[in-house]
Structures are given as structure tokens and as C-alpha cells.
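# Observations on chain architecture
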Amino acid sequence: MGKLFGTFGVRGIANEKITPEFALKMGMAFGTMLKREGREKPVVVVGRDTRVSGEMLKNALISGLLSVGCDVIDVGIAPTPAIQWATNHFKADGGAVITASHNPPEYNGIKLLEPNGMGLKKEREAVVEEVFFKENFDRAKWDEIGEVREEDIIKPYIEAIKSRVDIKAIKKRKPFVVVDTSNGAGSLTLPYLLRELGCKVVSVNAHPDGHFPARNPEPNEENLKDFMKIVKALGADFGVAQDGDADRAVFIDENGRFIQGDKTFALVADAVLRENGGGLLVTTIATSNLLDDIAKRNNAKVMRTKVGDLIVARALLEHNGTIGGEENGGVIFPDFVLGRDGAMTVAKIVEIFAKSGKKFSELIDELPKYYQFKTKRHVEGDRKAIVAKVAELAKAKGYEIDTTDGTKILFPDGWVLVRASGTEPIIRVFSEAKSEEKAKEYLELGLKLLEGVLRS
Ligand code: MG
């Protein structure tokens, strides 16, 4: 039997892999599973990002759900975390998001959600897959076909975020924030949220447009070169950029400097753990040791998982975690949404900034300093097996290793991670240390071990 789902949902080129027929069958398969689990009239929340193919796919998915007898709450265009929040808020039996996150405009995809808004559990994904490929759908009788109701979730989602931060402190400082929502779903929420929090807001690329005319929706340094100049030129306190479905938020300081996601994650984690008097921080093995420093400072524990936001979310739920996140600027507030939430992250950062009285660059530069190096090698063949051989080689040489995801070699003051990409024919090597020289040394060691395996 084929495999539908990747690390979180299914993605591909719209109208090639992700066709209306595909979305229809996904809706039928998901709805069939919900019905077979014993719910008489399951309710499913459905929403999408701003992609051109979004409306077509959403309508097909909804048709599939209705045809097997599910009712649908159509929330239209909204950030992925808002749709996750709404699934929980409406006490629905499940949710579905039509999005391809940060991928280029020709892509689209479908993420299915648990009633609590988290991505679908693995066991249930397997059931949806089985129904999908066997096509043994439970079609409803004509008078049991589902109904659709539309709901606006933008306002209640913004209100829910506002209730979780100190608006008084923000209004007192009135931060000047420039936002770039990449013409994506965040265009409907982030500029308004910031204004209502009491910020002065200038927005760019904030008209919803699924062609993504301004920039590639992936908020990395390369794609934000122009935005970095804008933030500095306007004399803003800081800038925020989002990806297409607004589950991530990436920051630019007042000098136009791109801030790595693990630094802003550390700022948020520090505040949240302090407020909670400690707790459990969940992150991936690819995130900076900075997060260990932050946890220690707050008497909190750290759990490191495989790479992937859904994996972090699942661990947070299972172990009652306090805060979670990744190095790419995705932060998870498990008591709000069991998934990365860009807008909630921005609200918390604005609050931290307002209360501190410091410049944004000062907040970042006060964090414990680490140096990082990243590189990659083009590798054909079984990359996972190659990475496993790197672990054997490192072990034989007496190094301490962690094989949670890829091969991570641990040193007292840093680490190097050798990991196969899940989507491209490459192996990444990523190092970190307290000094630049050591970080470089560890990167070279990782590369040397990898090349040793490739030659053998
Ligand atoms: Mg995203």
C-alpha cells in the first residue's frame, strides 16, 4: 500500500499531485474514519492559506467530507495555527488545513488535525491511508449528507492571543514594528494583532495573494534581504516576517540584522519558563545548546526529539511540556495551540521587548553566545545508511554520540550533527560550539567522518 503522509500532512504541485480528485478522496477517507470511530455526525473544521489552488482544493475536500456524512465548519482563509485553534475551540471531531506552508506558490497540501488541533496521530494517519487507497468509503444516504456552516475565526483568534499577553506594558512602550507576511495567511491577522496590542505597524507584502508576488514564502535570510533593509531604513524597533501559512515568525533587529530562530525561541522560552517556575522545554536535536542554558537558568528540564514540528508537539502533549520549538523560528505554546504559532510568538516577543525597556539587538546579544556552521554534501543512494555508518565510525573512534535523528557527536562545549535530508539528495553537516574555532573544528570533523564513509 502506498504512503500518503510526510512528516506533517501531504504536499505536492497543485493540479499535478494535489488535484481536486485527491482532495475529494482525502475528505472521504478522513470522514469515513471519523464515522467508523463511532461518531454519528462528525464535525470537521476546514480552512486554507492564500494559495491560488486553495479554494478549488478546499471545495473538493469539503465535498468529500459531506458525502460521507460529516458536517463542516468552513473558516476560509486563516493561518494554520488559527485553524488548529478553531478545531479545538469549536470542539470539532477533527480539522483539515489546505496549505503548503513555506513552499513555492505552485505547491499545495493537506494537513489533518486531531480534535485538540494537533496534527493527526500516526495510527490514525495509517487508517486514513488504508481507506484512501482501498477506496472503501462509507457514502451517506441522500438525507444524511453533511452541511456546511461558515465561521469567522480571525477576530476570536486575535482576541485569544491578546488575552495571553500584558497589553498595558506594550501600550506603554508602543513598539514600532514592520511586518512582512509574504502575501500569505498572516496578512489577515498579524498587522491587526500588532495594532490592537498597541504597536505602531507598517506592513509590507500584506495583501493576500497566492501568487506570492513579492518573495519566496520561506522566511530565511536570503529571501528577506530587502525586508532587512526596510526595517533599518524605517527606524523600526524590529521587523517580523512570516511564511505562507503563518505558523512561523522570524525577526530582524533594529539594525537590519537577521536573527536566527533559536535566539527568539530562547527569549520566549526564558519568559514562559520563568512565569511557570520551571517546567519542561521540548526541542529537536538540531537546536542550539542555548536552550539548555535557558532551561538551566529557570530550573527546567530539556527533552530533545527528532526534527519536525509535529514530533515536538506530540512530545509536548505526551510529557505535559511547558514550551516547545525549533531552530527555524517555530515556537509551540502547548496550552494555546499544539503546533507552531507565529502570531502568538510575535505577541510574546512584543511583550518581552516592551517590558525590558531594551533595544531588540540588546535582548539578542545578552543571550549566551554560540557559534554555528552549516554545510551540505550531495549524496546519492541510501543516505540514512550512510549516516548510520558515520555513527559507527565515530563510536569506533571513541566519540560520544546521539542517534535520535541522524548522527550527533557530542563534545563538552559543542556538537556536530550529520543528518540526511528527508526531501533532497543531500546530507547536512551542522556544528555548534562556544568558540568560532571549535565550531569550525567540529564541522570539519563531521565532514571528515562523512567523507571517510563515502570513500569506503
Ligand atoms: Mg508554515
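Below, the structure is looked at part by part. (Residues numbered from 1 in each chain as written. Predicted model: local features only at pLDDT ≥ 70, side-chain atom pairs only at ≥ 80, totals over all residues. Heavy atoms only, no water.)

Broken down by element type, the chain carries 15 helices and 19 strands. Relative to a compact globule of 456 residues, whose C-alpha radius of gyration would be 23 Å, the chain shows 22 Å and is just as compact. Oriented by its inertia axes, the alpha-carbon framework of the chain measures out at about 70 × 60 × 40 Å. By residue count, 58% of the 456 residues in the chain fall in the buried class. Taking contacts inside the chain between residues at least 6 apart in sequence as the whole, the part at least 24 apart equals 69%. Surface summary for the chain: the accessible area is close to 18,900 Å², and the carbon and sulfur share equals 49%. With 66 positive and 67 negative side-chain charges, the chain shows a separation of 3 Å between the mean positions of the two kinds. (Helix = DSSP H or I, 4+ residues; strand = E, 2+ residues; numbered from the N terminus. Rg over C-alpha atoms; globule rule 2.2 N^0.38 Å. Buried < 20%, exposed > 50% of the residue type's maximum accessible area, 1.4 Å probe, protein only. Contact = heavy atoms within 4.5 Å. Areas by Shrake-Rupley, 256 points an atom, 1.4 Å probe, with all protein chains shown as cover. Lys, Arg positive; Asp, Glu negative; His and termini not counted. Charge placed at Lys NZ, Arg CZ, Asp CG, Glu CD.)

Examined against the element boundaries, Asp-74 turns out to sit in strand β3 (residues 71-77). The buried category is assigned to Asp-74, whose relative accessible area is 9%. For Asp-74 and Val-177, which are 103 residues apart along the polypeptide, the C-alpha to C-alpha distance reads 32 Å. Looking at Asp-74, its side chain comes within polar contact range of the side chain of Lys-58, at 2.9 Å. (Polar contact = N/O pair within 3.5 Å; in protein donor to acceptor, adjacent residues only side chain to side chain.)

Let's shift gears to the coordination of the magnesium ion. Those donors, Ser-101 (OG), Asp-243 (OD), Asp-245 (OD) and Asp-247 (OD), are the protein atoms that reach the magnesium ion, and they lie 1.9 to 2.1 Å from it. In the primary structure, the donors to the magnesium ion are separated according to the pattern S-x141-D-x1-D-x1-D. Asp-243 sits in the buried class, given a relative accessible area of 0%. (Donors = N, O, S within 2.8 Å, 3.2 Å for Na, K, Ca; no water.)

Time to look at the side chain of Asn-298. Tracing the backbone through its elements, the reader meets Asn-298 in the loop between α10 (290-297) and β12 (300-305). Of note is the side chain of Asn-298, whose polar atom sits 2.8 Å from the side chain of Asp-270. Discounting chain neighbours no more than four positions away, the residues touching Asn-298 are Asp-270, Leu-273, Arg-274, Gly-277 and Gly-278.

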